[in-house]
Amino acid sequence: MNFPILSVITFLPFAAGMLILMMPANRKNETRAVALAAAVIDLLLSAWVYLQYLLSDMRGYQFIEKYEWLNIFPIHIELHFGVDGMSAPLVLLTGIVMFTGVLISWGDDDKHVMAGIQDRPREFFAFLFLLAGGVFGVFVSLDLFMLFFFYEIAVFPMYLLIAIWGWVKTREYAAMKLTLYLFIGSVVALVGALAMYWTQYQNTGVLSFDMLKMEGAGFSPEFQALWFLPVFLGFAVLGGIWPFHNWSPDGHVAAPTAVSMFHAGVLMKLGAFAALRVGVMLLPEGAKQWSWLIMLFAGVAVVYGAYIAFVQTDLKYMIGFSSVSHMGLVMLGISTLNTTGLTGAGVQMFSHGVMTALFFAVTGMIYDRAHTRMIPELGGMAKIMPFATIGFIIGGLVSMGMPGFSGFVAEFPIFMGVWEEQWLVAVICSISIIITAAYIMINIRKVFFSPMPENLEGHVGDITVLDKIAVATLCLFMVIIGVFPSVMVPMVSTGVENIMRLLGGA
Amino acid sequence: MFTSQIFASILPEILILVLGVLILIFEPFWKEDQRRNAGWLTAGGLLLSMVISLLFGRPGEPVAVLGGMIRFDWLGFFLKMLFMFAGAATALLLMDHERAGKRGEAYVLLLASLMGMNLMAASSDLVMLYLSIETASIPIYILAGFILNDERSTEAGFKYLLYGTLASTIMLYGFSLVFGFSGTTSLDDIAVKLTSGTISPLIAFGIVLLVMVGLGFKVSIVPFHFWAPDVYQGAPTPVAGYLSTASKAAGFAVILRLFFVAFPDFSGIWTMILAVLAAVSMTVGNLLALPQTNIKRLLAYSSISHAGYAMIGVVAFNQLGAASVVFYLAAYIATNLLAFGIVMAYSRITGLEEISDYAGLSRRNPLLGLMMLAAFLSLAGMPPFGGFVAKVFVFAAGVQTGYTWLVIVGIINSIIGVYYYLNVLKFVYLYRMPDQDEEQHLVPLTQPYTIALVILVIGVIVLGTLFGPFYNWSDAGALNLF
């Protein structure tokens, strides 16, 4: 039997979380060390999965693991893990964000800075790892029940993480809003999933939550048209789709840095990924019928999100709304239902995940030191923290879709794909690129290169070594994919082939 | 003839009786400060009885024993094990109750009601059903009012007694109608004699309503729920926990047996009534839980809504439905006992029961905070805790039989539930004690609490992750109903 690498990746964070909870509360550094060790192992394992998939023939689902979980008439649940070209990059992404998130949260014991997590780090890392384990679980699950199981696990720690360690002013409101939005979305999708389970039984006599079997369940077009929207939108709420994006910027702003990174970097992908895997792949006819609506929602999100980001004065709100805009691009790519657009969406999920994690990391570093995130009150950070500045600029270039960075590799195919379907939408949405370029450049100039306000003079110090490692890691991946798209694009397109097969095209 | 099979079928009850007699004999000889040890004896004895029953009292093919009074099957057996587990946990939680824990009678009464519940789970005759329900209820009337010089407790005991006797009298009237129309009290014979040809739907409707008054009271489903918040608030906390879990589960056991076995022919009528009751119960329970400020009243309303969720499985009226109800009961017993146990452990030290008094608990005792997290997230239906799996199963059963509207009502309600459960956790984790240092106000746990709560929390997590065997047993039990 092969080494059950996906199970290890998924359950390691849970085990590490339990271990951390059992440590004495006052051993803060040991707690952090255990967390870092677990994160490093998970990053290496997920990188190994990614490379193995890349170096293999890149066909179908690999690293398959299958265990009977419950098989008693009429319930059949399996622990069925596997990755394809769509999910392997996302597993790697989760590993990266987990690693950098732990580094960022390590903190600086300098009383002057108060960076990272100083209050109850034991509970913080335990909850963060619960979240991480849930996220891994969703990306690798091929069983619908298990997907829901991990999906919910990924949702509720957010409440605690934001409410306990978040920004004092808005954390209670934002945490509750976020949890309720996401929970409503997921239970709506759950009803759809149960309906699919029983309809599959009626149609084919197969009792299974296995999504590979459900692909052949022969759902009637009427059934698909009825249930596609609840299922797709139920998950897409977590993907921040307009008009259900409202929870997202509030959540970003209230969350502590590492949680913002997780939230924007990984959790929002969770929504888009589950919407794609359950909504589009299991109900392809429904997807075809409703793709116009998804495209409309996504198109609004892209332009509107970019515009709202443009007028923000709070750095975190700006990034929060730019996430809505960029996740809108992912949804736009999905809504094209053609190979080009879907490939772009897949790459964009990874690219945006890394980029936005970097943005939030740097913003967190600035806030911890300057104690403000208001753009007009900041300035001159380039002199103090040159390393973070370079990171932010690289993130900005990715965000604008500059060639040579991962953003270009992702956004270009999305717009191509949209052009194939509806050229007008592509034209309108491309306005967002201009707006994005505008707010990114204006803010970089103001925050990093304008003269430093007098009240900040002398109070602000450079970032720590751990912070630098985190920033460097994130930048590295964006540049690699930008320069060598062949390390990711062919892989994603094999995942897309699988989707196109179900859609009956290509 | 008293064969070994008959002996095996009531083995748990015999052991409980022996245990109760042992406590009655030894308790007077113990000194005042030793009497709390009766709790160890009760809990240990119950666990031992479970082991002995598992070894020697396992059912085979379902049979009717003792003149058809009792059915010896997996459904009864699995539920008996659940009740005895709940009883053992309650005994541990009772030990350090300031006013009840040092009195042997409390444990004897607990055991007496436990015996009644065990018989409720196994009865297959209307007479036996009524007797066992009363056997289970009367000791709890006393336990609820156990603290004599406490007004609230006395009120709780009296209220429970008044409502309880009224409800069971009305139910008895329903039973008498059933007997009058069918000429038999055996559940199996009723199913044969009382068919849609013999009585009019209107009469069947009336019978179901009358019977549901009594059973609805036991499971505290709306509109027979009025007693629950007051009784839970007034009764000693472990007793309230016991009432809200084992007693409710026993009520569901009777509902399953009675409706599935005796009235299959009128399923159209009773599923309709129960579906409405379920929807109303979930909605009213959850909405009334929102404004609560007392934690025990909050848990009371939450338990009313949970009766509604579980009822979805009964309404589904098929194998999955029955199995999901039994599984739901298992998960709910572990979860709610955990919640009440934590409330008990906290109020013992602080004497406080308002939700706002829980501010800073996670700093005053991190372990207790985490356990509260597990209990409330499980109540809210979040994985990896038992509540999630249980809810998915009852919802699956509902969707399977076409009660999608009921499932949607359930889902809207679980969203409301998430809100108020998280609200409690907000106090536990987010807020600080006003103007005080939590380090100076720790909440230590005594040994019985630590043991009981840790076992319960493990139970909640196991039911939420490795649920295979438990669902298997629930399903084996459910099969006995068809």
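Remember, predicted model here, so these are calculated numbers, not experimental data. (Residues numbered from 1 in each chain as written. Chains lettered and ligands numbered in written order. Predicted model: local features only at pLDDT ≥ 70, side-chain atom pairs only at ≥ 80, totals over all residues. Heavy atoms only, no water.)

**Q** For this particular structure, what's the right way to read the overall build of chain A?
**A** Helix and strand content of chain A: 19 helices and two strands. Relative to a compact globule of 506 residues, whose C-alpha radius of gyration would be 23 Å, chain A shows 22 Å and is just as compact. If you line up chain A on its principal axes, its C-alpha atoms span 70 × 55 × 45 Å. The 506 residues of chain A split such that 67% are buried. A separation of at least 24 residues holds for 80% of the contacts in chain A among residues at least 6 apart in sequence. With an accessible surface of roughly 16,000 Å², chain A has 68% of that area assigned to carbon and sulfur atoms. (Helix = DSSP H or I, 4+ residues; strand = E, 2+ residues; numbered from the N terminus. Rg over C-alpha atoms; globule rule 2.2 N^0.38 Å. Buried < 20%, exposed > 50% of the residue type's maximum accessible area, 1.4 Å probe, protein only. Contact = heavy atoms within 4.5 Å. Areas by Shrake-Rupley, 256 points an atom, 1.4 Å probe, with all protein chains shown as cover.)

**Q** Help me understand the overall build of chain B, please; the structure alone is not making it clear to me.
**A** Along chain B, the regular secondary structure elements total 20 helices and two strands. Its C-alpha radius of gyration of 21 Å places chain B within 12% of the 23 Å reference for a compact globule of 482 residues. Going through the 482 residues of chain B one by one, you find that 65% of them count as buried. Within chain B, contacts between residues separated by at least 24 positions form 80% of all contacts whose residues are at least 6 apart in sequence. When the accessible surface of chain B is split by element, carbon and sulfur atoms take 68% of a total near 15,600 Å². Mean positive and mean negative side-chain charge positions of chain B (23 and 26 charges, respectively) differ by 2 Å. (Lys, Arg positive; Asp, Glu negative; His and termini not counted. Charge placed at Lys NZ, Arg CZ, Asp CG, Glu CD.)

**Q** Looking at this model, I keep getting lost on the packing of aromatic side chains. Mind explaining?
**A** Pairs of aromatic rings are described using the distance from one ring centre to the other and the angle between the two planes. Considering all chains together, one arrives at 56 aromatic pairs over all chains under this definition. Note on Y141 of chain B and Y160 of chain B: the rings are 5.2 Å apart at their centroids and 75 degrees apart in plane angle, and the pair reads as edge-to-face. Of this pair, Y141 of chain B sits in helix α6 (residues 126-144) while Y160 of chain B sits in helix α7 (residues 151-182), and the two are 19 residues apart along the sequence. A single burial state applies to Y141 of chain B and to Y160 of chain B, both of which are buried. Positioned over the ring face of W167 of chain A is R373 of chain A, at 4.4 Å from the centre of the ring. (Phe/Tyr/Trp six-rings, centres within 6.5 Å; stacked < 30°, edge-to-face > 60°. Lys NZ or Arg CZ within 6 Å of the ring centre and 35° of its normal.)

**Q** Please clarify how the pattern of salt bridges should be interpreted in this entry.
**A** If the charged atoms of two oppositely charged side chains come close together, the side chains can form a pair. Residues and elements named next belong to chain B. According to the stated counting rule, one finds 23 salt bridges over all chains in the structure shown. Among the salt bridges present, the one from D188 reaches R71, with a minimum N-O distance of 3.6 Å. Highlighted residues: D188 in helix α8 (residues 187-193) and R71 in strand β2 (residues 70-72), separated in sequence by 117 residues. With its nearest N and O atoms 3.5 Å apart, the salt bridge here joins K296 to E353. You can see K296 sitting in helix α13 (residues 295-316) and its partner E353 sitting in the loop between α14 (319-350) and α15 (361-364), a full 57 residues away along the chain. With a relative accessible area of 21%, E353 lands in the partly exposed category. (Salt bridge = Lys/Arg side-chain N within 4 Å of Asp/Glu carboxyl O.)

**Q** What exactly am I supposed to notice about the pairing of strand β2 (residues 75-83) of chain A here?
**A** Regular strands show a simple pattern: their side chains alternate between the two faces of the sheet. Residue and element names in this part refer to chain A. Of all nine residues in β2, nine are buried; the element is thus mostly enclosed. Burial of the side chains of β2 extends over both faces: I75, I77, L79, F81 and V83 are buried on one face and H76, E78, H80 and G82 on the other. Where strand β1 (residues 62-72) and β2 come together, eight bridges link them in antiparallel fashion. Paired with E68 across the two strands is E78, which belongs to β2. As consecutive antiparallel partners, β1 and β2 are separated by two residues. (Pairing = 2+ DSSP bridges.)

**Q** Quick question: what am I supposed to make of the interface of chain A and chain B here?
**A** In this assembly, 36 residues from chain A lie in contact with 42 residues from chain B. Summed over both sides, the interface of chain A with chain B buries roughly 3,600 Å², with 82% coming from carbon and sulfur. For chain A, the biggest contributors to the area lost against chain B are F156, F183 and W198 of chain A; these three give 15% of the whole. Taken together, the connections running from chain A to chain B amount to one salt bridge. A salt bridge links E172 of chain A to K426 of chain B; the shortest N-O distance between them is 3.2 Å. Inspection of the chain A/chain B interface yields six residue pairs in polar contact (both at pLDDT 80 or more). Breaking the side of chain A that touches chain B down by element, the ones donating at least two residues are β1, β2, α4 (121-140), α5 (144-165) and α6 (171-204) of chain A. (Buried area = accessible area lost by both parts, 1.4 Å probe. Polar contact = N/O pair within 3.5 Å; in protein donor to acceptor, adjacent residues only side chain to side chain.)

**Q** Whenever I open this one, the layout of surface pockets confuses me. Can you help?
**A** If you roll a probe as big as a water molecule over the atoms, it shows you where there is empty space left. The calculated volume of the largest pocket comes to roughly 920 Å³. If you go around the largest pocket, you meet 37 residues; those closest to its centre are M18 and L130 of chain A together with P384, F385 and I461 of chain B. Secondary-structure elements contributing two or more residues to the lining of the largest pocket are α1 (5-21), α4 and α5 of chain A together with α16 (366-380) and α19 (447-465) of chain B. Split by residue class, the lining of the largest pocket holds 33 nonpolar, three polar and one charged. (1 Å grid on protein atoms, 1.4 Å probe; cavity = no way out; pocket = protein on both sides within 12 Å on 5 of 7 lines; lining within 4 Å. Points joined across faces, edges and corners; volume = space filled by probe spheres on them. Nonpolar A, V, L, I, M, F, W, Y, C, P; charged D, E, K, R; others polar.)

**Q** Help me understand a nonpolar patch on the surface in this model?
**A** The grouping of L17, V18, V21, L22, I25, F26 and F29 of chain B at the surface amounts to a nonpolar patch, some 660 Å² of accessible area in total. Tracing the backbone shows L22 of chain B in helix α2 (residues 11-26). (Patch = residues over 30% accessible without salt bridge, like charges linked within 9 Å, V, L, I, M, F, W, Y side chains within 5 Å.)

**Q** What's the story with the packing of helix α3 (residues 87-106) of chain A against helix α10 (residues 257-282) of chain A in this structure? I'm lost.
**A** Working note: a packed helix pair is described by the angle between its axes plus the distance between those axes. Residue and element names in this part refer to chain A. In contact at an axis separation of 8 Å, α3 and α10 are set at 165 degrees when each is read in the N-to-C sense. Compared by their axis directions, α3 and α10 come out roughly antiparallel. Where α3 crosses over α10, the two elements pack in a sense that is left-handed. Contacts between α3 and α10 pair S87, L90, L93, T94, V97, M98, T100, G101, I104 and S105 from the former with T257, A258, M261, F262, G265, V266, K269, F273 and R277 from the latter. Here the residues of the contact of α3 with α10 sort into ten nonpolar, seven polar and two charged. (Axes fitted to C-alpha atoms, helices over the stretch in contact; angles between N-to-C directions. Parallel < 35°, antiparallel > 145°, perpendicular 65-115°, else oblique. Left-handed = near helix turned anticlockwise from the far one by under 90°.)

**Q** Would you mind showing me how to read the confidence of the model for chain B here?
**A** Predicted coordinates in areas of low pLDDT are best not read in detail. The predicted model of chain B has a mean per-residue pLDDT of 91, with 100% of residues at 70 or higher. Taking the mean pLDDT of every element in chain B, the minimum, 84, falls on helix α1 (residues 4-9) of chain B and the maximum, 94, on α13 of chain B. (pLDDT = per-residue confidence, 0-100.)

**Q** Can you help me understand the nonpolar core in this one?
**A** The tendency in soluble globular proteins is for nonpolar side chains to be buried side by side. All names here are of chain B. F263 and F376 are the most contacted members of the largest nonpolar core, which has 400 residues in total. Counting residues per element, this core draws most heavily on α14, at 22 residues. Beyond its immediate sequence surroundings of up to four residues, F263 is in contact with V178, I190, L194, I207, L258 and W270. In terms of nonpolar packing, the next biggest core, distinct from the first, is built from seven residues, I6, I10, I70 and A122 among them. (Core = buried A, V, L, I, M, F, W, Y, C linked by side-chain atoms within 4.5 Å.)

**Q** Quick question: what am I supposed to make of the environment of Y358 of chain B here?
**A** Residues and elements named next belong to chain B. Mapped onto the elements of the fold, Y358 is located in the loop between α14 and α15. For Y358, a relative accessible area of 0% corresponds to the buried category. C-alpha separation for the pair Y358 and L425, spaced 67 residues apart in sequence, amounts to 8.7 Å.

**Q** So what exactly am I meant to see when it comes to unusual backbone geometry here?
**A** Among all residues save glycine, negative phi is the norm, and among peptide bonds the norm is trans. Between F73 of chain A and the following residue, P74 of chain A, the backbone shows a cis peptide bond with an omega angle of 0 degrees. Relative to the helices and strands, P74 of chain A is located in the loop between β1 and β2. The peptide bond linking V222 of chain B to P223 of chain B adopts the cis configuration, its omega dihedral lying at 5 degrees. Positionally, P223 of chain B belongs in the loop between α9 (201-219) and α10 (227-234).

**Q** Could you clarify how one ought to interpret the environment of L256 of chain B in this entry?
**A** Residues and elements named next belong to chain B. Residue placement: L256 occurs in helix α11 (residues 237-262). On the accessibility criterion, L256 (1% relative accessible area) is buried. If we skip the residues at most four places from it in the chain, L256 touches V261, V314, A322, V325, V326 and L481.

**Q** Teacher, can you tell me more about the packing of α5 of chain A against α10 of chain A here?
**A** Residue and element names in this part refer to chain A. Between α5 and α10, whose axes approach to 12 Å, the crossing angle comes to 155 degrees. The orientation of α5 with respect to α10, classified from their angle, is roughly antiparallel. Regarding α5 and α10, the two cross each other, and that crossing is left-handed. Between α5 and α10, the contacting residues are L144, L147, Y151, A154, M158, L161 and I162 on the first element and V259, H263, L267, L270, G271, A274, V278 and L282 on the second. Taken together, the residues that form the contact of α5 with α10 break down as 13 nonpolar, two polar and no charged.

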